[in-house]
Amino acid sequence: MNSVLIFILEILYALTIISVVIVVISENRNPIKTLSWVMVLVFLPFVGLIWYLTFGQDFTKKQIITKRMYSKLKKRPLDEIGTLEEVAYPKEHASLIRLLKNLDNTPLLGGNNVQLFTRGDEKLERLLIDIENAKEHIHVEYYAFENDAIGAKVRNALIQKSLQGVEVRVIYDSFGSRKAKKGFFEEFRKAGIEVEPFLKLALPKLTSRLNFRNHRKMVIIDGRIGYVGGMNIADRYIDGFQWGIWRDTHARIEGKGVQGLQSIFLIDWFFVSQTLITSRKYFPELPAFGNIAMQTVNSGPLREEREISHGILQAIYDAQKSIFIQTPYFVPPESLLQALQAAAVRGLDVRVMIPKRSDVRLVHLATLSFLKEVLQSGIKVYLYEKGFLHSKMMVFDDSLTLIGSVNFDSRSFEHNFEVEAFIYDCNVAKKAIDIFVEDQRFSQIISSREWMKRPQVLRFFESLMRLFAPLL
């Protein structure tokens, strides 16, 4: 009897797997990703099915924001502020600027001043000052918001401003901020702050949402000052780990470019609250705070366009001298990997810096599997040894700097809701290059010959994890 029951269960499971495989194939995904899911389902019994139900389903087929509503939120206010004056920019980036404008109505906005932070304590100190000086409205959006010493400081500062009559809205990612618990955010609400989770993780929608995360880290104050980069609100961004510092990069922007961040926040606010906000008061007329031009680009799984990855690809094609990339996770799509290799082959100085030790072991193994072919094409690879390198910064030639929430991996480019500042300015690029070169002092540069001397078993496990790279 037991053997018959086991046989029936095996048949049912096999039919379930076959049905799911048919669904995966029918979705017309990227062929590599489709093959990866088929391998998971076939070779990892039960575990593969649970993994697919948790991370493989695509809720984005549902049109949560119509194209008309998206255009109303994104295009109208930015068109008004983006046509006030002719913006000066380095002409070698004309194709990239036009691409981003055509992809997502992302105007080039001038008159900005940009300050770069590489230390969490300096960013936090300046942020708290700007919050304290806020007059009308503060919009906050973070992937990770934790109930620790730093989280309490920021929360208390926001509560104080709300009690003074300043409008405060907060969006947090349900998965990234899961450690903060419900009571932490209730303190915001008690003070009159509007707080919403992004894709709330609750049954029955848990499994279809867990794979899609709002990875953005933004603050917009009075439509004039903005923060964007890799730092969340948590102690570790200042204290680091027992085994090393937390090395990150964040930007403070003052000027019209902030209103690109404002537009992205209000789109997300409509998404989480179904409240439409298009008032001109959130996009005030601003004087010039500097002469820096920039585009603020968002991307996410709700739209078929991959704005940020397309922009990075164009920037690689346009580069004439150098490409410097800092990223905690390097699991690139094939198109970006080949573009970087081609850039190195045609003689550009291409450098990639990743952490020697990571906070996500499996993704780090997949990252290491790419280094052989990267090194063989002439790209220089640096392993940061002072701590965990979480910086998401790219510099092209000496005139374009990218700073935002995007990791150089498929998850950021395809599954996460991300934001990236494309900054067109020689002085900012010089500062970014100086940061990169300074980090080289605490990094190990590796050679192709040395890399191939590592144990065969380790290289096998790295190659094994690479098979699942499109799913990580």
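Quick note: structure is the one above.
A brief structural summary. The written sequence of each chain sets the order in which its residues are numbered from 1. Reporting in this predicted model follows two pLDDT cut-offs: at least 70 for local features of residues, and 80 or more for side-chain atom pairs to be given and counted; totals over whole chains, interfaces and linings ignore these cut-offs and use all residues. With hydrogens and water excluded, all non-hydrogen atoms of the structure serve as input to the side-chain values.

**Digging into the overall build of the protein**
The line we're drawing: Helix and strand definitions follow DSSP, with helices as H or I runs of at least four residues and strands as E runs of at least two, each counted in order from the N terminus. The method behind every accessible area is Shrake-Rupley, applied with a 1.4 Å probe, and residues are considered shielded solely by the protein chains displayed.
Broken down by element type, the protein carries 19 helices and 19 strands. Counting only carbon and sulfur atoms, one obtains 56% of the accessible surface of the protein, whose full area is about 20,400 Å².

**Points about empty space enclosed by the protein**
Inclusion rule: Cavities and pockets were defined on a 1 Å grid built over protein atoms only: a cavity is a set of grid points that admits a 1.4 Å probe from which the probe cannot escape, a pocket is an open set flanked by protein on both sides within 12 Å along at least five of seven lines, and lining residues are those with an atom within 4 Å of any such point. Grid points are joined across faces, edges and corners, and a volume is the space filled by probe spheres set on the points. Side-chain classes are defined by residue name, with Ala, Val, Leu, Ile, Met, Phe, Trp, Tyr, Cys and Pro counting as nonpolar, Asp, Glu, Lys and Arg as charged, and the others, Gly among them, as polar.
As enumerated under the stated definition, the model contains three cavities of 30 Å³ or more in all. Approximately 70 Å³ is the volume found for the largest cavity. Broken down by element, the lining of the largest cavity gets its largest block of residues, four residues, from helix 6 (residues 120-132). Its residues assigned to classes, the lining of the largest cavity comprises eight nonpolar, two polar and one charged.

**Description of the pairing of strand 13 (residues 380-384)**
The cut-off we apply is this: Only protein chains enter the accessibility calculation, which uses a 1.4 Å probe; a residue is then buried when its area is under 20% of its type maximum, exposed when over 50%, and partly exposed in between. A pair of strands is treated as paired once DSSP finds two or more bridges between them.
Extensive coverage of strand 13 is indicated by the burial of four of its five residues. Examined bridge by bridge, strand 13 and strand 19 (residues 443-446) share four bridges and lie antiparallel to one another. Among the inter-strand pairings, Leu383 is bridged to a residue of strand 19, identified as Gln444.

**Here we look at the pattern of salt bridges**
Formally: Within this document, salt bridges are pairs made up of a side-chain nitrogen of Lys or Arg and a carboxyl oxygen of Asp or Glu, the two lying within 4 Å of each other.
A complete count under the given rule lists 20 salt bridges for this structure. We note a salt bridge from Glu254 to Arg252, for which the minimum N-O separation is 3.6 Å. Look at Glu254 and you get buried, because its relative accessible area is 13%. Judged by relative accessible area, Arg252 falls into the buried class, the value being 5%. Each of Arg126, Asp130, Arg224, Arg252 and Glu254 takes part in one network of salt bridges that share partners.

**Let's talk about the packing of helix 6 against helix 7 (residues 149-163)**
Where we set the bar: Axis lines are fitted through C-alpha atoms, for helices just across the contact stretch, and the angle between N-to-C directions can take any value from 0 to 180 degrees. An angle below 35 degrees is treated as roughly parallel, one above 145 as roughly antiparallel, one from 65 to 115 as roughly perpendicular, and anything else as oblique. When the near helix sits turned anticlockwise from the far one by under a right angle, the crossing is termed left-handed; a clockwise turn instead gives a right-handed crossing. Contacts are assigned to residue pairs that have any heavy atoms within 4.5 Å of one another.
Remark: helix 6 packs on helix 7, axes separated minimally by 9 Å, with the N-to-C direction vectors making an angle of 15°. Classed by the angle they form, the pair helix 6 and helix 7 counts as roughly parallel. Classified by chirality, the crossing of helix 7 by helix 6 is left-handed. Side by side, helix 6 and helix 7 meet where Leu124, Leu128, Ile131 and Glu132 of the first sit next to Ile150, Lys153, Val154, Ala157, Leu158 and Lys161 of the second. Across the contact of helix 6 with helix 7, the residue classes tally to seven nonpolar, no polar and three charged.

**Examining helix 12 (residues 307-318)**
Rule in force here: By this rule, a helix spans an expected 1.5 Å times one less than how many residues it contains.
Between its terminal C-alpha atoms helix 12 stretches 16 Å, which fits the 16 Å expected from twelve residues at 1.5 Å a residue. For helix 12, every residue scored as buried is listed here: Glu307, Ile308, Ser309, Gly311, Ile312, Leu313, Ala315, Ile316 and Asp318.

**Considerations on the packing of helix 5 (residues 94-104) against helix 12**
For the pair helix 5 and helix 12, the least separation of the axes is 9 Å and the interaxial angle reads 165°. In this view, helix 5 runs roughly antiparallel relative to helix 12, as classed from their interaxial angle. Both helix 5 and helix 12 take part in a crossing whose hand is right-handed. Counting all contacts with helix 5, which are made through Ser95, Leu96, Leu99, Leu100, Leu103 and Asp104, the residues of helix 12 involved are Glu307, His310, Gly311, Gln314, Ala315 and Asp318. Classifying every residue of the contact of helix 5 with helix 12 gives five nonpolar, four polar and three charged.

**Some remarks on helix 17 (residues 426-440)**
Let me state the cut-off plainly: This arc is taken over the directions from the axis of the helix to the C-beta atoms. We define a polar contact as two N or O atoms separated by no more than 3.5 Å, with the added condition that, inside protein, one atom must be a possible hydrogen donor and the other a possible acceptor, whereas residues neighbouring each other in sequence contribute only through side-chain atom pairs.
Given a rise of 1.5 Å per residue, 15 residues ought to cover 21 Å, and the 21 Å separating the end C-alpha atoms of helix 17 matches this to within 8%. Along helix 17, the positions that sit buried rather than exposed are Val428, Ala429, Ala432, Ile433, Ile435, Phe436, Asp439 and Gln440. An end-on view of helix 17 places all buried positions within 155° of arc, on one side of the element. Along helix 17, exposed side chains directed more than 90 degrees from the buried face belong to Asn427 and Lys430. Between the side-chain oxygen of the N-cap and the backbone nitrogen of Asn427 there are 3.0 Å, and the N-cap of helix 17 in question is Asp425.

**Observations concerning the environment of Met353**
Considering the arrangement of structural elements, one finds Met353 in strand 12 (residues 349-355). In the structure, Met353 is positioned 87 residues away from Gln440 in sequence and 8.3 Å away in space, judged by C-alpha atoms. For Met353, the contacting residues outside a window of four places in its chain are Ile325, Gln326, Thr327, Tyr382, Tyr384, Leu389, Phe436, Asp439, Gln440 and Ser443.

**Observations regarding the pairing of strand 1 (residues 109-117)**
The buried fraction of strand 1 amounts to seven of the nine residues, a majority that puts the element mostly inside the structure. Here strand 1 pairs with strand 9 (residues 292-299) via two bridges, running antiparallel. In the strand pairing of strand 9, Leu109 is matched with Met294. Pairing of strand 1 with strand 8 (residues 250-254) involves five bridges; the strand directions are antiparallel. Within the sheet, the bridge partner assigned to Val114 lies in strand 8 and is Ile253.

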